[in-house]
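Structure assessment
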Amino acid sequence: MQRKKLDISPYLLISPSLFIFLAVVLLPVFNAILMSFQNYDLRRPSKIGFIGLSNYITIFNDSLFWQSLWKTFLWVIFGVGFQFFLGFGLALLLNKKFFGRGVVRSVSLIPWVTPGVLIALMWRWIYDGNYGVLNDILLKFRIIQDKIPFLAQQATAFPSVVVTIIWQGIPFFALMILAGLQGIPTELYDAADVDGANGLQKLFLITIPMLKNTIYVSTLLRIIWVANSVDVIFNMTGGGPAYSTQTLSVYVFNKGNTLNLGYASTMSIILTIILSVVAILYLRNIFRSEEE
Amino acid sequence: MKKGVFKLSGIFAIHITVIIYLIFLLFPFYWTFITSIKPEQEIYSNTISYWPNNVSFESYQKLFTSFNFLKPMINSLFVATSTTIISLTVSIFAAYAFSRYKFKGKKYLMGIFLTNNMFPVVLLLIPLYAIMRNIGILYTPFALMLSYTTFTIPFSIWLLSGYLRDLPISLEEAAMIDGATRAQAFIKIVLPILAPCIVATGAYVFMTSWNEYVFAVMFTNEASRTIPVALKNLIGQLGVEWGMLTAGGIITIIPVCILFFFAQKRLTEGLTEGAVKG
């Protein structure tokens, strides 16, 4: 048996990307871990130094951290949940034949490529308490009697930002699910027709089971992205009023802006650990299909 | 007969639902555009007009005269173009390696690039800020370019290796049997066929760099800030300048839309396949 010579060319080809990756991802992650054990506040540079688990203990007693964690949970559940249902509905529609379908398909993806800042600002203008168009529409239809400052009061601010993130995420789900729908052989539906199945039965017995993997993967990806999203909330409310829209990512970002980097790093590490559960599920799925 | 009526109402229902979706998804853009072409007193009027009574481009004019929006546009263009070129150059080699070679540790190396998608932006943001500050490139375009490669390179590798895997290997093998080296086969055969996919990947990288806010707001200053940061800056200085802000928004999104419509077909194919298959 002849031993194959080790070919180093693939390693050479990968090395530039790997080098950049190590420098801008791995090194920072390592630094974040180090910073989480330090009192690292750029406003007080003379006091920078290791303090052990102190940051972690402070976080454990930080009621704002727990509140932000809870908000993150609600943000993901409602945000991703509605993105999924509305995106699924849109995909089913776009899979039907109708006039102008091609244009509708492209145009309905635009929210997905719109900058997060712009999304936040567009919606902020729509929600505006004085000149906002949403108030005007609701008043015209007599749904409300007085103008509502949607983003300025605690009761409405959180649902309002959730609607915005739902709006942003519908196209992504629609895109993924539509691709999945197009991969389902039409014979399955023909056979179901012969057996006299109705639309609902076809949906639950053919469409959804066939799309299981697509749904699983796109939901996992979306959970990670939505949980990490900062720009939409930050530019709509900054996390307020009274922290009612502050998710963990926004909290970290706000802390980073105050230059308390040690505390911010510690929180971001906790967020990463929580999200890694989702990430591991995703990777397992990818590697499983790689082996097939 | 009855079935015909039923079918007709079904088609009607589809169209109605499509229209409702489109209104929901597109109204914010319509409203932004309409606001951008209203004169100031009409934007802040108590009776809201759904089409401007007087069309005016004063907001656009002000954006370039009193706010100097051109500067962030140039910054954005520079950062996004450089990021695209860097990412594509290094990623295409890596993608070629992942799709054409069998080697030890391939799975783990690929896994390293994939996990990157999972890191919260804020996890990298804080230490990168400290690093950029220490090596003295904070507030320069390089700070942004480097931080954008954290997600553009893994993403490009992932997308490009998907495209390469779908490309039949037989053409390259035929060329190599005819005496071409691997490099020649790559340049003369693979690159031309792959060109549209490279363009699509580049378009996506450009769009994400053009749109990015979180790194941009922390790593730039007055001189180096990009469009998203400039847009946000229109809030707060003298109250909210909704006229200029919406005008800036429209200008920002036009290049993105053009790029997207060009790259759309390949991009959506690559994305949807890649996400599920890996």
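Criteria and cut-off values
- Residues numbered from 1 in each chain as written.
- Chains lettered and ligands numbered in written order.
- Predicted model: local features only at pLDDT ≥ 70, side-chain atom pairs only at ≥ 80, totals over all residues.
- Helix = DSSP H or I, 4+ residues; strand = E, 2+ residues; numbered from the N terminus.
- Rg over C-alpha atoms; globule rule 2.2 N^0.38 Å.
- Buried ≥ 20, exposed ≤ 12 C-beta atoms within 10 Å, placed from the backbone.
- Contact = placed C-beta atoms within 7 Å.
- pLDDT = per-residue confidence, 0-100.
- Domains from an automatic or database assignment.
- Nonpolar A, V, L, I, M, F, W, Y, C, P; charged D, E, K, R; others polar.
- Expected span 1.5 Å × (residues − 1).
- Bend = angle between axes of the 7 residues up to and from the residue.
- Axes fitted to C-alpha atoms, helices over the stretch in contact; angles between N-to-C directions.
- Parallel < 35°, antiparallel > 145°, perpendicular 65-115°, else oblique.
- Left-handed = near helix turned anticlockwise from the far one by under 90°.
- Core = buried A, V, L, I, M, F, W, Y, C linked by C-beta atoms within 7 Å.

1. Considerations on the overall build of chain A
- The helix and strand tally for chain A stands at 14 helices and 2 strands.
- For chain A, whose C-alpha radius of gyration is 24 Å, the value lies well above the compact-globule estimate of 19 Å for 292 residues.
- Across its three principal directions, the C-alpha atoms of chain A cover 85 × 75 × 30 Å.
- In chain A, which comprises 292 residues, the proportion classed as buried is 42%.

2. A look at the overall build of chain B
- Across its full length, chain B holds 12 helices and 0 strands.
- Taking 19 Å as the expected radius of gyration for a compact globule of 278 residues, we find that chain B reaches 24 Å, considerably beyond that expectation.
- When the backbone C-alpha atoms are referred to their principal axes, chain B occupies close to 75 × 75 × 35 Å.
- Expressed as a percentage of the 278 residues in chain B, the buried residues total 45%.
- A separation of at least 24 residues holds for 75% of the contacts in chain B among residues at least 6 apart in sequence.

3. Observations regarding the interface of chain B and chain A
- Every contact between the two is made by 76 residues of chain B and, on the other side, 71 residues of chain A.
- A per-element tally of the side of chain B that touches chain A places helix H12 (residues 242–277) of chain B first, with 16 residues.

4. Concerning the environment of Asp195 of chain A
- Turning to its location among the elements, Asp195 of chain A is positioned in the loop between helix H9 (186–194) and helix H10 (199–210).
- Considering only alpha carbons, one finds Asp195 of chain A and Ser15 of chain A, 180 residues apart in sequence, at a separation of 57 Å.

5. Details of the confidence of the model for chain B
Residues and elements named next belong to chain B.
- When the pLDDT values of chain B are averaged, the result is 88; 96% of them are 70 or greater.
- Across chain B, element-level confidence peaks in helix H4 (residues 70–100) with a mean pLDDT of 94 and bottoms out in helix H5 (residues 106–115) with 83.
- For this predicted complex, the interface confidence reaches an ipTM of 0.89, while the overall pTM sits at 0.90.

6. Remarks on the domain arrangement of chain B
Residue and element names in this part refer to chain B.
- As assigned here, chain B comprises domain 1 (2–57) and domain 2 (60–277).
- Just the C-alpha atoms count here: the centres of domain 1 and domain 2 sit 33 Å apart.
- Taken together, the contact pairs 7 residues of domain 1 with 8 residues of domain 2.
- Within the residue set of the side of domain 1 that touches domain 2, elements represented by two or more residues are helix H1 (2–36) and helix H2 (40–43).
- In terms of residues, the side of domain 1 that touches domain 2 owes the most to one element, H1, which gives 4 residues.
- Here the side of domain 1 that touches domain 2 is composed, by residue class, of 3 nonpolar, 3 polar and 1 charged.

7. A closer look at H4 of chain B
- Helix length check: H4 of chain B, at 31 residues, gives a terminal C-alpha distance of 44 Å against a target of 45 Å (1.5 Å per residue), a fit within 8%.
- Where H4 of chain B bends most, at Ser91 of chain B, the angle is about 25°.

8. A short note on the packing of H4 of chain B against helix H9 (residues 182–211) of chain B
Residues and elements named next belong to chain B.
- Running from N to C, H4 and H9 cross one another at 140°; their axes reach a closest spacing of 9 Å. Put simply, H4 runs oblique to H9. Note that H4 runs across H9; the crossing there is right-handed. Note on element contacts: H9 touches H4 through Phe186, Ile198, Thr201, Gly202, Val205, Phe206, Ser209 and Trp210, opposite Ser76, Val79, Ala80, Thr83, Thr84, Ser87, Leu88, Ile92 and Tyr96.
- Of the residues assigned to the contact of H4 with H9, the class counts are 10 nonpolar, 7 polar and no charged.

9. What about unusual backbone geometry?
- Look at the link from Gly240 of chain A to Pro241 of chain A: it is a cis peptide, with omega at -10°.
- Here the phi dihedral of Tyr243 of chain A falls at roughly 65°; this positive angle occurs in a residue that is not glycine.
- Mapping Tyr243 of chain A onto the fold places it in the loop between helix H12 (231–236) and helix H13 (248–257).
- Owing to 18 C-beta atoms within 10 Å, Tyr243 of chain A belongs among the partly exposed residues under this scheme.
- Of note, the phi angle at Tyr139 of chain B is positive, near 70°, even though the residue is not glycine.
- The topology assignment puts Tyr139 of chain B in the loop between helix H6 (121–135) and helix H7 (141–165).

10. With respect to the nonpolar core
- Judged by nonpolar contacts, the single largest core of 152 residues is most densely connected at Ala174 of chain A together with Ala94, Leu125 and Met207 of chain B.
- For Leu125 of chain B, the contacting residues outside a window of four places in its chain are Gly256 of chain A together with Val214, Phe215 and Met218 of chain B.

11. Regarding the packing of helix H1 (residues 9–36) of chain A against H4 of chain B
- It is the contact of H1 of chain A with H4 of chain B, at a shortest axis distance of 8 Å, that shows an interaxial angle of 135°. Taken together, H1 of chain A and H4 of chain B sit at an angle that is classed as oblique. In this structure, the crossing between H1 of chain A and H4 of chain B has a hand that is left-handed. On the side of H1 of chain A, the interface is formed by Pro10, Leu13, Ile14, Pro16, Ser17 and Ile20 of chain A, while H4 of chain B contributes Val90, Ser91, Phe93, Ala94, Tyr96 and Ala97 of chain B.

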